[in-house]
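So you can see what is in the structure, the chains are spelled out below.
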Amino acid sequence: MTFDSIQDLPPERLPRHIAVIMDGNGRWAKQRRKNRLFGHSNGIDAVRRTVRESHKIGIRCLTLYAFSTENWKRPATEVAGLWRLLKSYVQKELPELRDNGVRLNVIGDVERIPGHVREAIDFTIRETARGEKMLLTICLSYSGRDEIVRACRQIAQEVADGRMTPGQVDEAAITGRLYTARHEIPDPDLMIRTSGEFRISNFLLWQLAYSEIHVTPTLWPDFGPEDLHKAILDYAGRERRFGMTGDQIQSGQTKSRG
Ligand code: FPP
């Protein structure tokens, strides 16, 4: 099935949750003979455009991979610059997010985020807590493997304390102890990666199990509404089988996953 425009899309074909690996800021800056922070700064404009457009289209959850645990290894000036940009983003965007009913959420090893940045983030999280239209989750100091390790450690502790038996450890038990259990974020329907790289890069490893993946050559600072529409239309035209056969899906038997 193919769809030509977002307006033609039946609402049930719209992804509920879109997750994005925003890649290519450095290359974008290099092409312009500028430093990497110039790329990140223009990446913020792309974040703004993507949040606005997702909200306009009616996406319920948007998750952006902004800073991985591996990113701590980058030069100190780049790391400091990224935190400065993030702080300024959450401060400047607050009125628009609040007015549009967009709730901010942050996941990752937040203890490592510099204190002044965390305060600004926490303020915007509190001020947008009533937002019901869209949940905007920013992954900061995030690692998918670490998220799973934390969930396992929590379960091990509960078993050791006698609050759980090994037999009760199942998929739901792990899902329920991931960062995404807060606000009951559904697994991403669609994961977009920019800059043409075909990697998951430690992003939402558990949650992406059945997500559709769209890779675009567009570098993140150039990503705009047209790119978002293209990714959504690509997603909407696919048949999600969850391990079943096409015939099973078409006959409406969508419960079991294989
Ligand atoms: C990847 O490009 C991008 C990052 C590591 C940072 C992403 C951050 C932003 C877009 C700004 C802050 C975000 C929010 C949500 C306010 P890269 O530097 O790895 O690019 P390269 O692969 O071309 O070098």
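Here, the structure is the one placed above.
Residues numbered from 1 in each chain as written. Predicted model: local features only at pLDDT ≥ 70, side-chain atom pairs only at ≥ 80, totals over all residues. Heavy atoms only, no water.

A. The arrangement of the overall build of the chain in detail. The number of helices and strands found in the chain is 8 helices and 6 strands. Tracing the chain from N to C terminus, the helices and strands come up as β-α-α-β-α-β-α-β-α-α-β-β-α-α. Since a compact globule built from 258 residues should have a radius of gyration of about 18 Å, the 19 Å found for the chain is in line with a globular shape. Projected onto its principal axes, the C-alpha coordinates of the chain cover approximately 55 × 50 × 35 Å. In the chain, which comprises 258 residues, the share counted as buried stands at 48%. A sequence separation of at least 24 residues applies to 76% of the contacts in the chain between residues at least 6 apart. Carbon and sulfur atoms make up 50% of the accessible area of the chain, which totals about 13500 Å². Charge-centre separation for the chain: the mean point of 39 positive side chains lies 5 Å from the mean point of 34 negative side chains. (Helix = DSSP H or I, 4+ residues; strand = E, 2+ residues; numbered from the N terminus. Rg over C-alpha atoms; globule rule 2.2 N^0.38 Å. Buried < 20%, exposed > 50% of the residue type's maximum accessible area, 1.4 Å probe, protein only. Contact = heavy atoms within 4.5 Å. Areas by Shrake-Rupley, 256 points an atom, 1.4 Å probe, with all protein chains shown as cover. Lys, Arg positive; Asp, Glu negative; His and termini not counted. Charge placed at Lys NZ, Arg CZ, Asp CG, Glu CD.)

B. Examining the packing of helix 3 (residues 76–99) against helix 4 (residues 115–127) more closely. Interhelical geometry of helix 3 versus helix 4 gives an angle of 15° and a closest axis separation of 9 Å. The angle between helix 3 and helix 4 places the two elements in the roughly parallel class. Where helix 3 crosses over helix 4, the two elements pack in a sense that is left-handed. Residues W83, K87, V90, Q91, L94, L97 and R98 of helix 3 form the contact with helix 4, whose own contacting residues are H116, V117, A120, I121, F123, T124 and E127. Considering only residue class, the contact of helix 3 with helix 4 consists of 8 nonpolar, 3 polar and 3 charged. (Axes fitted to C-alpha atoms, helices over the stretch in contact; angles between N-to-C directions. Parallel < 35°, antiparallel > 145°, perpendicular 65-115°, else oblique. Left-handed = near helix turned anticlockwise from the far one by under 90°. Nonpolar A, V, L, I, M, F, W, Y, C, P; charged D, E, K, R; others polar.)

C. Just the packing of aromatic side chains, in detail. A full pass over the atoms with the stated rule returns 9 aromatic pairs. Both rings, one in Y65 and one in Y142, keep their centres 5.8 Å apart while their planes meet at 85°; by these two values the pair is edge-to-face. Of this pair, Y65 sits in strand 2 (residues 61–68) while Y142 sits in strand 4 (residues 134–142), placing them 77 residues apart in sequence. Taking the centre distance of 5.6 Å and the plane angle of 40° together, the rings of W72 and W83 count as tilted. With W72 in the loop between strand 2 and helix 3 and W83 in helix 3, this pair connects stretches of sequence that are 11 residues apart. The exposure class of W72 is partly exposed, given its relative accessible area of 21%. Among the aromatic residues, ring-to-ring pairing joins Y65, Y142, Y179 and F203 into one connected group. One Lys or Arg, R32, reaches over the ring of W28 and ends 3.9 Å from the middle of that ring. (Phe/Tyr/Trp six-rings, centres within 6.5 Å; stacked < 30°, edge-to-face > 60°. Lys NZ or Arg CZ within 6 Å of the ring centre and 35° of its normal.)

D. Expanded view of unusual backbone geometry. Of note, E184 is a non-glycine position whose phi angle comes to about 50°, a positive value. For E184, a relative accessible area of 70% translates into the label exposed. Phi is positive for S195, close to 75°, though the residue is something other than glycine. Looking at where S195 falls in the secondary structure, it is placed in the loop between strand 5 (190–193) and strand 6 (212–215).

E. Broad picture of the pattern of salt bridges. Across all of its chains, the model carries 17 salt bridges by this definition. Between E96 and R52 there is a salt bridge, with its nearest N and O atoms 2.7 Å apart. Of this pair, E96 sits in helix 3 while R52 sits in helix 2 (residues 36–57), and the two are 44 residues apart along the sequence. Judged by relative accessible area, R52 falls into the partly exposed class, the value being 42%. Each member of the salt-bridge network shares a partner with another, and the members are D23, R27, R193, E197 and R199. (Salt bridge = Lys/Arg side-chain N within 4 Å of Asp/Glu carboxyl O.)

F. Here's a closer look at the layout of surface pockets. Approximately 630 Å³ is the volume found for the second largest pocket. Taken together, 29 residues line the second largest pocket, and the ones lying closest to its centre are M22, N25, Y65, A66 and N71. Those elements that place two or more of their residues in the lining of the second largest pocket are helix 1 (25–31), helix 2, strand 2 and helix 3. A breakdown of the residues in the lining of the second largest pocket according to their chemical character gives 14 nonpolar, 8 polar and 7 charged. (1 Å grid on protein atoms, 1.4 Å probe; cavity = no way out; pocket = protein on both sides within 12 Å on 5 of 7 lines; lining within 4 Å. Points joined across faces, edges and corners; volume = space filled by probe spheres on them.)

G. Structural detail: the pairing of strand 1 (residues 17–21). Burial of strand 1 is extensive: 5 of the 5 residues sit out of reach of the surface. Burial of strand 1 is two-sided: the residues H17, A19 and I21 facing one way and the residues I18 and V20 facing the other way are all buried. Pairing of strand 1 with strand 2 involves 5 bridges; the strand directions are parallel. Residue pairing across strands places V20 opposite L64, the latter belonging to strand 2. (Pairing = 2+ DSSP bridges.)

Read these as spatial facts, not as claims about activity.
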